[in-house]
Amino acid sequence: DQRPIIRVQTGLADSVEVHVYDVSGRRVHASSEFSLNTGLDDGNAKGPQYTYDHAWDVSGVGSGVYIYVLTAKKSGAPDIRRSGRIGVIK
């Protein structure tokens, strides 16, 4: 299984979702299926953190650069939203 992992470390969240778009702005993937690891220390010098991972099934997309938008939601707190680029090479 060669699925890229989308990893988010936002603190404890009620939900996390990702949307992935191609360069033309067409959404090619969306999911809120993230697994939670409550004590992952990934070596970023911040110690163990709440970590959410999502394995993206890229079988339906071609090689290229995609834009992702991640949103973490927690009741009573403002949403945390980040975007960036992710590359797929097949």
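These lines cover the structure that appears in this document, whether it is placed above or below. (Residues numbered from 1 in each chain as written. Predicted model: local features only at pLDDT ≥ 70, side-chain atom pairs only at ≥ 80, totals over all residues. Heavy atoms only, no water.)

1. Structural notes on the overall build of the protein
Inference 1: Helix and strand content of the protein: zero helices and seven strands.
Inference 2: Each helix and strand of the protein, ordered N terminal to C terminal, gives the series β-β-β-β-β-β-β.
Inference 3: Counting only C-alpha atoms and orienting by the principal axes, one finds that the protein spans roughly 35 × 30 × 20 Å.
Inference 4: A buried classification covers 30% of the 90 residues belonging to the protein.
Inference 5: Sequence-distant contacts in the protein: of pairs separated by 6 or more residues, those separated by 24 or more amount to 55%.
Inference 6: If you sum the accessible surface of the protein, you get close to 5900 Å²; carbon and sulfur atoms cover 47% of it.
Inference 7: A gap of 6 Å separates the mean positions of the 11 positive and 10 negative side-chain charges of the protein. (Helix = DSSP H or I, 4+ residues; strand = E, 2+ residues; numbered from the N terminus. Buried < 20%, exposed > 50% of the residue type's maximum accessible area, 1.4 Å probe, protein only. Contact = heavy atoms within 4.5 Å. Areas by Shrake-Rupley, 256 points an atom, 1.4 Å probe, with all protein chains shown as cover. Lys, Arg positive; Asp, Glu negative; His and termini not counted. Charge placed at Lys NZ, Arg CZ, Asp CG, Glu CD.)

2. Some points on the nonpolar core
Inference 1: Membership of the largest hydrophobic core comes to 16 residues, with the highest contact counts inside it found for Ile6, Val16, Phe34, Trp56 and Tyr66.
Inference 2: Put simply, the parts of the chain that give this core at least two residues each are strand S1 (5–8), strand S2 (15–21), strand S6 (64–73) and strand S7 (80–88).
Inference 3: Apart from the residues within four sequence positions on either side, Val16 is in contact with Val8, Ser31, Ser32, Phe34, Tyr52, Thr71 and Ala72. (Core = buried A, V, L, I, M, F, W, Y, C linked by side-chain atoms within 4.5 Å.)

3. Points about the sheet that holds S7
Inference 1: The antiparallel open sheet is built from four strands, whose spatial order is S3-S2-S6-S7. The open sheet has two free edges, formed respectively by strand S3 (27–31) and S7, since each of these has just one partner strand. Adjacent strand axes in the sheet meet at a mean angle of 20 degrees when their direction is disregarded.
Inference 2: Where S2 lies against S6, seven bridges are found, and the strand directions are antiparallel. From the neighbouring strand, Glu17 faces S6, where its bridge partner is Thr71. (Pairing = 2+ DSSP bridges. Axes fitted to C-alpha atoms, helices over the stretch in contact; angles between N-to-C directions.)

4. Details of the environment of Val69
Inference 1: Mapped onto the secondary structure, Val69 falls in strand S6.
Inference 2: If we ignore the near neighbours within four places in the chain, the residues touching Val69 are Glu17, Val18, His19, Tyr21, Arg81, Arg82 and Ser83.

5. Looking at the packing of aromatic side chains
Inference 1: For the coordinates displayed, the defined rule picks out one aromatic pair.
Inference 2: Look at Trp56 and Tyr66: their rings are 5.8 Å apart centre to centre, the planes differ by 90 degrees, and that puts the pair in the edge-to-face class. Remark: Tyr66 occurs in strand S6 and Trp56 occurs in the loop between strand S5 (49–55) and S6; sequence separation between them is 10 residues.
Inference 3: Its relative accessible area of 1% is what places Trp56 among the buried residues.
Inference 4: Tyr66 sits in the buried class, given a relative accessible area of 7%. (Phe/Tyr/Trp six-rings, centres within 6.5 Å; stacked < 30°, edge-to-face > 60°.)

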